[in-house]
Amino acid sequence: MRSGLLALSQGVDRLCRFGAATGLVLMLVLIAIQVVARYLFSEPPGWTEEGARYAMVWSGLLGSAVAFKAGSDPVMLRLASLEGNAAIAWLRAASVVLFVAPILYFCLVGPDQDLSRGFLARSATRNTEAIGLSMAWFTAALPVTFVAILIHVAAALAARK
């Protein structure tokens, strides 16, 4: 179980790294198209700006999961001298779960325990303005990132034993 959890965490980290890097490259390409279209042709397409914005959000959120796994988040930099302390590891895990659990809950469940009124369900009923995709593709970055972080927390605790 322990080795499986560690392998899962490594696989999720690789996917997050790939997704974050892909998002950065996509954002760069879309912004370059926007600049060329604006200054050379005086007609920038709206979809490039919207696509770059969504690529930035996905890249930033997936990058935060990568930073968390690597221990590069600001809290860990301050606690680096206490890294071997089991109490610190459990305190970090508990604080992450206390922060992430309600966010994940409300991504799925809305008022009165209604699944159709959760964050993702409400996003699925709206479309992006220029691209025409469901907003759920954009807002799914939040629960995907937090699930990845929870996997990393569980793997970090499993690695301690």
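It should be emphasised that the depicted structure is a prediction, and the values quoted were computed from it without experimental measurement.

Draft legend 1. Up close: the nonpolar core. If you look at the biggest cluster of nonpolar residues, it comprises 18 residues, and the most contacted ones within it are Cys-16, Val-96, Ile-149 and Val-153. Contributing elements (two or more residues each) for this core: helix 1 (2–40), helix 2 (46–70), helix 4 (86–108) and helix 7 (141–159). The biggest single contributor to this core is helix 7, with 6 residues. Once residues lying within four places of it in the same chain are set aside, the contact partners of Cys-16 are Leu-62, Ala-65, Val-66 and Ala-148.

Draft legend 2. Quick peek at the packing of aromatic side chains. Following the criterion strictly, the structure yields 3 aromatic pairs and no others. Look at Tyr-54 and Phe-138: their rings are 4.2 Å apart centre to centre, the planes differ by 45 degrees, and that puts the pair in the tilted class. One end of the pair, Tyr-54, is in helix 2; the other, Phe-138, is in helix 6 (residues 136–139), and 84 residues separate them in sequence. On the accessibility criterion, Phe-138 (19% relative accessible area) is buried. In this structure, Arg-92 packs its charged tip against the face of Phe-68, placed 3.9 Å from the ring centre.

Draft legend 3. Quick look at helix 4. Taking 1.5 Å of rise per residue, 23 residues should cover 33 Å, and helix 4 covers 33 Å from first to last C-alpha, within 8% of that figure. Bending of helix 4 peaks at approximately 25 degrees at the position of Val-100, with proline Pro-102 no more than four residues after it. The set of residues buried in helix 4 consists of Ile-88, Ala-89, Arg-92, Ala-93, Val-96, Val-100, Leu-104 and Cys-107.

Draft legend 4. Structural context of the pattern of salt bridges. Evaluation of the coordinates by the stated rule reveals 1 salt bridge. Residue Arg-17 is joined to Asp-13 by a salt bridge in which the shortest nitrogen-to-oxygen separation is 2.9 Å. Taken as a pair, Arg-17 and Asp-13 lie in helix 1 at a separation of 4 residues, close to a single helical turn. Classification of Arg-17 as partly exposed rests on a relative accessible area of 43%.

Draft legend 5. Representation of unusual backbone geometry within the structure. A positive phi angle is found at Asp-112, which is not glycine, with a value near 60 degrees. For Asp-112, a relative accessible area of 72% gives the class exposed. In this structure, Gln-113 is a non-glycine residue whose phi angle is positive, near 60 degrees. Residue class for Gln-113 comes out exposed when judged on its relative accessible area of 58%.

Draft legend 6. How the structure looks around the environment of Gly-132. By the element assignment, Gly-132 lies in the loop between helix 5 (119–124) and helix 6. Note: C-alpha distance between Gly-132 and Tyr-105 (27 residues apart in sequence) is 27 Å.

The rules we used
Residues numbered from 1 in each chain as written. Predicted model: local features only at pLDDT ≥ 70, side-chain atom pairs only at ≥ 80, totals over all residues. Heavy atoms only, no water. Core = buried A, V, L, I, M, F, W, Y, C linked by side-chain atoms within 4.5 Å. Buried < 20%, exposed > 50% of the residue type's maximum accessible area, 1.4 Å probe, protein only. Helix = DSSP H or I, 4+ residues; strand = E, 2+ residues; numbered from the N terminus. Contact = heavy atoms within 4.5 Å. Phe/Tyr/Trp six-rings, centres within 6.5 Å; stacked < 30°, edge-to-face > 60°. Lys NZ or Arg CZ within 6 Å of the ring centre and 35° of its normal. Expected span 1.5 Å × (residues − 1). Bend = angle between axes of the 7 residues up to and from the residue. Salt bridge = Lys/Arg side-chain N within 4 Å of Asp/Glu carboxyl O.

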